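An overview of the molecular structure
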Amino acid sequence: MSKVLCIGECLVDMMPSKNGYVPNAGGAPCNVCACVASLGGDGAYLGKLGGDEYADLLLEQIKSAGIDTRYIVFDKSLKTALAFVDIDENGDRKFRFERENTADLNLSADDVKDDCLQKGDVLHFCSLGLAGKSKSAHEKAIKLAIENGATISFDVNVRENLWNSVQECVIAIREFLPFADIVKVSSEELDLLSQGKTDDEKAKNLLSVASNCKILIVTKGAYGAVAYDRKLCKISQEAYKAKVVNTTGAGDCFIGSILYLLSQGIITLNLNSMAYALDFASRACAIQISRDGSMTAMPTKAEIAAFKD
């Protein structure tokens, strides 16, 4: 069984409650690991945890989620990043971050083991790790993935308020797009990264930058998702109806479900496979957003199989 190795931030989502905020493990790469593990795959997390009480909470919940912890490194001198999540009446989120010199930002190239990736594995990353010291860790992991024949997945996952400017964010993303075999963007991120009168034109322009990308996935929230191949052939998937409780981690659940299928050899990176993959991921998301939490809300294969719209 091949593994999905997710590099980047693991932080605490401070979720709203009647009595203030409740801490839960989160961070997009770690959420993807939890999704893969919940489905029965090998989701391994590569990141750095600090030495405060929140780091203890993260490690406990990571282990409870069934995530492979062998690539986690620790620095007791560093604190944990916090994301305060506010949810509106539609279940949509706004984030406020406390993330200055935190453990996740201090992952270095030396923290990335030379034997962490093998042929058939999947390396997954997002844009939040592409600044500061952690950028070098991502560069090394990508180099190892290429050398060892692993598939590279990039979920853009923009958080503009964590960059000095939107332009800096876009430049960093465009620098890493050429390495990815599969790219996921939201419709808003597609608008940010690429110009064009239509989504098809924007997808074409984005693929010209993501020169190694075999499949580009554009998620559209309640309007479903579209997958493109390099020839701009596409396939669409409607979203399944769900009672929305919390959309935190929905995009992570979506790409995590697809990467699980890829790591198990159930799909390959072509549009024929994407028809099944998008449907599977959409069912998974419908389950995940109907629950509280992010990492703790990931569905199982049995739940997806039993899901009815």
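Report follows, based on the coordinates. (Residues numbered from 1 in each chain as written. Predicted model: local features only at pLDDT ≥ 70, side-chain atom pairs only at ≥ 80, totals over all residues. Heavy atoms only, no water.)

1. Quick look at the overall build of the protein
Note the cut-off: Helix and strand assignments follow DSSP, with helices taken as H or I runs no shorter than four residues and strands as E runs no shorter than two, numbered in order from the N terminus. All radius of gyration figures rest on C-alpha atoms, and the globule criterion is 2.2 Å times the number of residues raised to 0.38. When checking whether two residues touch, look at their non-hydrogen atoms; a contact exists if any pair is within 4.5 Å. The Shrake-Rupley method, run with a 1.4 Å probe sphere, supplies the accessible areas, and residue values consider only the shown protein chains as cover.
When its secondary structure is counted, the protein shows 9 helices and 14 strands. In terms of overall dimensions, the protein is globule-like: its C-alpha atoms have a radius of gyration of 18 Å, near the 19 Å expected for 309 residues. In the protein, the share of contacts with a sequence separation of at least 24, taken over all contacts with a separation of at least 6, comes to 70%. Within the structure as shown, the protein displays about 13,200 Å² of accessible surface, and the carbon and sulfur contribution to it stands at 48%.

2. As for the sheet that holds strand β1 (residues 3-7)
To keep things clear, this is the line we draw: The pairing criterion for strands is at least two bridges between them, as found by DSSP. Helix axes are fitted only over the stretch in contact, all axes being lines through C-alpha atoms; the angle between N-to-C directions runs from 0 to 180 degrees.
Spatial strand order, β4-β1-β9-β10-β11-β12-β13-β14: 8 strands in an open sheet with mixed pairing. Each edge of the sheet is formed by a strand with only one pairing partner; in this case those strands are β4 (42-46) and β14 (234-237). Strand-to-strand twist in this sheet, taken as the mean axis angle between neighbours without regard to direction, amounts to 20°. In terms of strand pairing, strand β11 (residues 182-186) meets strand β12 (residues 215-219) through 5 bridges, oriented parallel. Along β12, the bridge assignment pairs S186 with T219. Each of β1, β9 (122-126) and β10 (151-155) touches helix α3 (residues 134-148); the most contacted strand, β9, lies at about 155° to it. Along the sheet face, helix α8 (residues 271-288) touches β12, β13 (225-228) and β14 and points at about 20° away from the line of β14.

3. A short note on the packing of helix α1 (residues 28-38) against helix α7 (residues 250-263)
Note the following rule: We call two directions roughly parallel when the angle between them is under 35 degrees, roughly antiparallel when it is over 145, roughly perpendicular when it lies between 65 and 115, and oblique otherwise. Handedness of a crossing is defined here by the sense of rotation of the near helix relative to the far one, left-handed for an anticlockwise turn of less than a right angle and right-handed for a clockwise turn. In this classification, Asp, Glu, Lys and Arg are treated as charged, Ala, Val, Leu, Ile, Met, Phe, Trp, Tyr, Cys and Pro as nonpolar, and every other residue, Gly included, as polar.
At their nearest, the axes of α1 and α7 sit 8 Å apart, and the two run at 50° to each other. In terms of axis orientation, α1 runs oblique to α7. Taken as a pair, α1 and α7 cross one another with a handedness that is right-handed. Where α1 abuts α7, its residues A28, N31, V32, C35 and V36 lie against D252, C253, I255, G256, S257, L259 and Y260. Residue classes in the contact of α1 with α7 are distributed as 8 nonpolar, 3 polar and 1 charged.

4. Quick look at unusual backbone geometry
Defined as follows: The rule is simple: take the accessible area with a 1.4 Å probe, protein chains only, and divide by the maximum for that residue type; under 20% is buried, over 50% is exposed, in between is partly exposed.
With a phi angle near 55°, N101 is a residue other than glycine that sits in the positive phi range. One non-glycine residue with positive phi stands out, namely L232, at about 70°. Its place among the elements puts L232 in the loop between β13 and β14. Given the relative accessible area of 26%, L232 is considered partly exposed.

5. Section: the nonpolar core
Spelled out, the test is: For this analysis, a nonpolar core means a set of buried residues of the types Ala, Val, Leu, Ile, Met, Phe, Trp, Tyr and Cys, connected via side-chain atoms within 4.5 Å.
Of all hydrophobic cores here, the largest spans 52 residues; its most connected members are I217, I258 and M274. A total of 10 residues in this core trace back to one element, the largest contributor, which is α8. Membership of the second largest hydrophobic core comes to 46 residues, among which are A44, L144, V158 and V226.

6. Considering the side chain of K184
The condition that has to hold: Any pair of nitrogen or oxygen atoms within 3.5 Å is treated as a polar contact; in protein, a donor-acceptor pairing is required on top of that, and neighbouring residues in sequence qualify only through side-chain atoms on both sides.
For K184, the position within the fold is in strand β11. A distance of 3.4 Å separates the side chain of K184 from the side chain of D155, its partner in a polar contact. Aside from chain neighbours lying at most four places away, what touches K184 is F154, D155, V156, E189, I217, T219, G251, F254 and I255.

7. Some points on the pairing of strand β3 (residues 20-26)
Note: strand β2 (residues 11-17) against β3, 7 bridges, orientation antiparallel. Of the residues in β3, the one forming a bridge with V12 is A25.

8. A short note on the pattern of salt bridges
Cut-off, in case you're wondering: We define a salt bridge as a contact between a side-chain nitrogen of Lys or Arg and a carboxyl oxygen of Asp or Glu at a distance within 4 Å.
Applying the stated criterion across every chain yields a total of 15 salt bridges. Across the pair D155 and K184 runs a salt bridge whose closest N-O atoms are separated by 3.4 Å. Here the residue D155 occupies a position in strand β10, and K184 occupies one in strand β11, the gap between them amounting to 29 residues. Residues D155 and K184 agree in their burial class; the two are buried. A salt bridge links K220 to D199; its shortest N-O distance comes to 3.2 Å. Of this pair, K220 sits in the loop between β12 and β13 while D199 sits in helix α6 (residues 199-209), placing them 21 residues apart in sequence. Assessed through its relative accessible area of 27%, D199 is described here as partly exposed. Three or more residues joined by partner-sharing salt bridges are found here, namely D42, D68 and R70.

9. Details of the packing of aromatic side chains
Put simply, the test is: Centres within 6.5 Å are what make two rings of Phe, Tyr or Trp a pair, Trp counting through its six-membered ring; a difference in plane orientation under 30 degrees is then read as stacked, over 60 as edge-to-face, and the rest as tilted.
For the coordinates displayed, the defined rule picks out 7 aromatic pairs. Centroid distance F125 to F154: 4.3 Å. Interplanar angle 20°. Geometry classified as stacked. One end of the pair, F125, is in strand β9; the other, F154, is in strand β10, and 29 residues separate them in sequence. You'll find F125 and F154 in the same group, each marked buried. Aromatic rings pair up to connect F125, F154, F176 and F179 into one cluster.

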